[in-house]
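Summary of the model geometry
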Amino acid sequence: MDRSTRRSRLTRRLPDLDAEAFLVTRLPNVRYLSGFSGTNGQLLLTANDGLFLTDGRYAEAASHEVPDLPPFIYSGDTLDAVVRACRQVVARQVACEVDGLTYRAWSRLRGAGLVLLPGDREVEALRREKDPDEVALIASAQAIADDAFEAITGKLAEGVTERQVSFELETFMRERTVGGPAFDTILAFGENAAEPHHHPTDRALGRGDVVKMDFGCVVDGYRSDMTRTLAFGDPPTRLREVFDVVRAAQLAGVDSLKAGMTAGEIDQVVRDVIVRAGYGEAFSHPLGHGVGLEIHEDPILRPGGEEVVPRSAVVTIEPGVYLPGVGGVRIEDMVEVTADGCRVIPRTPKDLIVL
Ligand code: ZN
Ligand code: ZN
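Report on the accompanying structure. All values derive from a computational prediction rather than experimental measurement.

1. Topic: the overall build of the protein chain
Within the protein chain, the secondary structure is distributed over eleven helices and 18 strands. The C-alpha atoms of the protein chain give a radius of gyration of 23 Å, which matches the 20 Å a tight globule of 355 residues would have. Oriented by its inertia axes, the alpha-carbon framework of the protein chain measures out at about 70 × 40 × 35 Å. Within the span of the protein chain, comprising 355 residues, buried residues form 57% of the whole. Once local pairs closer than 6 in sequence are excluded, the contacts in the protein chain between residues at least 24 apart make up 64%. Averaged over its 40 positive side-chain charges, the protein chain has a centre that lies 2 Å from the centre of its 55 negative ones.

2. Brief notes about empty space enclosed by the protein
Scanning the entire structure with this criterion turns up two cavities of 30 Å³ or more. What the largest cavity holds in volume is close to 50 Å³. Lining the largest cavity are Phe149, Arg228, Thr229, Leu230, Phe243, Ile331, Pro349, Lys350, Asp351 and Ile353. For the lining of the largest cavity, the element with the highest residue contribution is strand β11 (residues 226-232), accounting for three residues. Considering only residue class, the lining of the largest cavity consists of six nonpolar, one polar and three charged. Estimates place the volume of the second largest cavity at around 40 Å³. Every residue lining the second largest cavity is listed: Val210, Thr229, Leu230, Ala231, Pro235, Leu239, Arg240, Phe243, Val329 and Leu352. Going through the elements one at a time, β11 and α10 (237-256) are the ones with two or more residues in the lining of the second largest cavity.

3. Comments concerning the pattern of salt bridges
Inspection of every chain in the model, using the stated rule, returns 33 salt bridges. The partner of Asp209 in a salt bridge is Arg203, with the nearest N and O atoms 2.9 Å apart. Through salt bridges with shared partners, one network takes in Arg26, Glu124, Arg127, Lys130, Glu294 and Glu297.

4. Focus: the coordination of the zinc ion (ligand 1)
Angles between donor atoms at a metal ideally measure 109.5 degrees for a four-coordinate tetrahedral arrangement and either 90 or 180 degrees for a six-coordinate octahedral one. Those protein atoms acting as donors to the zinc ion (ligand 1) are Asp214 (OD), Asp214 (OD), Asp225 (OD) and Glu332 (OE), and they sit at 2.0 to 2.5 Å. Relative to the metal, the four donor atoms surrounding the zinc ion (ligand 1) lie at angles of 57 to 148 degrees, and the coordination shape comes out irregular. Each donor residue of the zinc ion (ligand 1) belongs to the same chain, with the gaps between them written as D-x10-D-x106-E.

5. Points about the sheet that holds strand β2 (residues 42-45)
The six strands are arranged β4-β3-β2-β1-β5-β6 in an open sheet whose pairing can be described as mixed. The strands lining the two open edges of the sheet, one partner per strand, are β4 (71-74) and β6 (115-119). Taken over all neighbouring pairs, the strand axes of this sheet differ in orientation by 25 degrees on average, direction set aside. Relative to β4, strand β3 (residues 50-55) is paired through four bridges, and the arrangement is parallel. When the bridges of β4 are listed, Thr54 appears paired with Ile73.

6. Digging into the coordination of the zinc ion (ligand 2)
For the zinc ion (ligand 2), every protein donor is listed as Asp225 (OD), His289 (NE2), Glu318 (OE) and Glu332 (OE), and the spread of their distances is 2.0 to 2.2 Å. Each of the four donor atoms around the zinc ion (ligand 2) contributes to a set of angles spanning 79 to 154 degrees, which defines the coordination as irregular. Expressed as a motif, the donor residue spacing for the zinc ion (ligand 2) is D-x63-H-x28-E-x13-E. The distance between the zinc ion (ligand 2) and the zinc ion (ligand 1) is 3.1 Å, with Asp225 acting as a donor to both metals. Taken together, the positions of His289 in strand β12 (residues 288-290) and Glu332 in the loop between β16 (327-330) and β17 (333-337) put the pair 43 residues apart, joining distant regions of the chain. Owing to a relative accessible area of 0%, Glu332 belongs among the buried residues under this scheme.

Rules behind the numbers
Residues numbered from 1 in each chain as written. Chains lettered and ligands numbered in written order. Predicted model: local features only at pLDDT ≥ 70, side-chain atom pairs only at ≥ 80, totals over all residues. Heavy atoms only, no water. Helix = DSSP H or I, 4+ residues; strand = E, 2+ residues; numbered from the N terminus. Rg over C-alpha atoms; globule rule 2.2 N^0.38 Å. Buried < 20%, exposed > 50% of the residue type's maximum accessible area, 1.4 Å probe, protein only. Contact = heavy atoms within 4.5 Å. Lys, Arg positive; Asp, Glu negative; His and termini not counted. Charge placed at Lys NZ, Arg CZ, Asp CG, Glu CD. 1 Å grid on protein atoms, 1.4 Å probe; cavity = no way out; pocket = protein on both sides within 12 Å on 5 of 7 lines; lining within 4 Å. Points joined across faces, edges and corners; volume = space filled by probe spheres on them. Nonpolar A, V, L, I, M, F, W, Y, C, P; charged D, E, K, R; others polar. Salt bridge = Lys/Arg side-chain N within 4 Å of Asp/Glu carboxyl O. Donors = N, O, S within 2.8 Å, 3.2 Å for Na, K, Ca; no water. Tetrahedral: all angles 85-135°; square planar, octahedral: opposite > 155°, others 65-115°. Pairing = 2+ DSSP bridges. Axes fitted to C-alpha atoms, helices over the stretch in contact; angles between N-to-C directions.

The quantities given are spatial measurements derived from coordinates; they are silent on function.
Rendered as C-alpha cells:
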C-alpha cells in the first residue's frame, strides 16, 4: 500500500473524530505515513491537503524521502510551527495522538486557540496489518539475526562474559545493516536468565549455565525480535524440564494462532500448557506483541486481551518460565498471521542446543 493510501485511510476518520485535520507527532507513525526517517518531523493532514513539518537539518532528506507532501520547513519552536501550519491548512479542530503530545505541548496548542481532539492510536491501528513489503523487511532483519545466532554459538566458551557476547552479537548485526540492533540485547547466563529482561554484566560463562539471548536488528526501519535459550554443558535437570515445557507451550501457540482470535485466547492456549506443568506463576509476562517500525506495537497478546489479531499482523509468541536463583527459559519467534494459521519467520531451530 503506498503512503498516500495510508494517509487517506487515516483522514477518512476525520469526520468521526469531529476534526478538520490530524496532527501526527509520534515518529514511527510519521515514518509509516510519509517515509521520513529522521528524528524531527510532524504531519498535518486534512481531507485533501497535507504538510510535512521539519527543521532545516532535514530539508534535503525531506525532498527525497517525502516527495509527495509539501514541506513546511521551520527554524525555532516546533509548537509555533504547528500553529502556523494549522493556519495554513485552515484547521482549528485538530485531532492529536494521545500518546504523541506532552502536557506542555497540549497546553500550548490549546493556548494558541486550537481545539484539540483525541485521536487514540488511530495510526497504530492501521499499522497492525502489514503490507507484503513490510513483512519482507522484517524477514530480512530476522535473516541477519539468524546468521548472528549461528555465528555466536560458535564463540561461546568458558569464561566469556555476557557483555562480550552481547557486544559481538550487536557488532555482527551492525556490520550487516546500517539500522544496527533493534533494542538493547538481552543476554543472560545461568541464574541471571531468571530475569526476563536482564542487562548484560561481567558474569562469566561456566559449564552447566543456560544462555538466554533476546535480540534483533533493524532493516529500513523494520525490526526483528527473537529469543533462544541454549545450554553450555549439561543444564540442571529442572531447567531441562522447564525447557521442554516452554518449547511445548511455544509450539502450541504457533499451531493455534490464526486471524480472528483474540489476544486473550491465544495467550490462554500457551499459558495453559505452562500452568498444567505447574509453572503458571513463573510465566510472569504477556505472551507477545506486534513487531514492525517499533519493537513493541499493537496487537499486544496479553491475558484477557480483547483485541482481535488481524490477518497479516506480525506478532511474537514468547512464553518464558523464570526460576529465581536457578535460571530461566524463553523461546520467542515472530510469526506472520494468516487466515488459517501463521508462518514462523526465523529459521533458527528451537530444539535444546547443548554445547
Ligand atoms: Zn525479544
Ligand atoms: Zn519480544
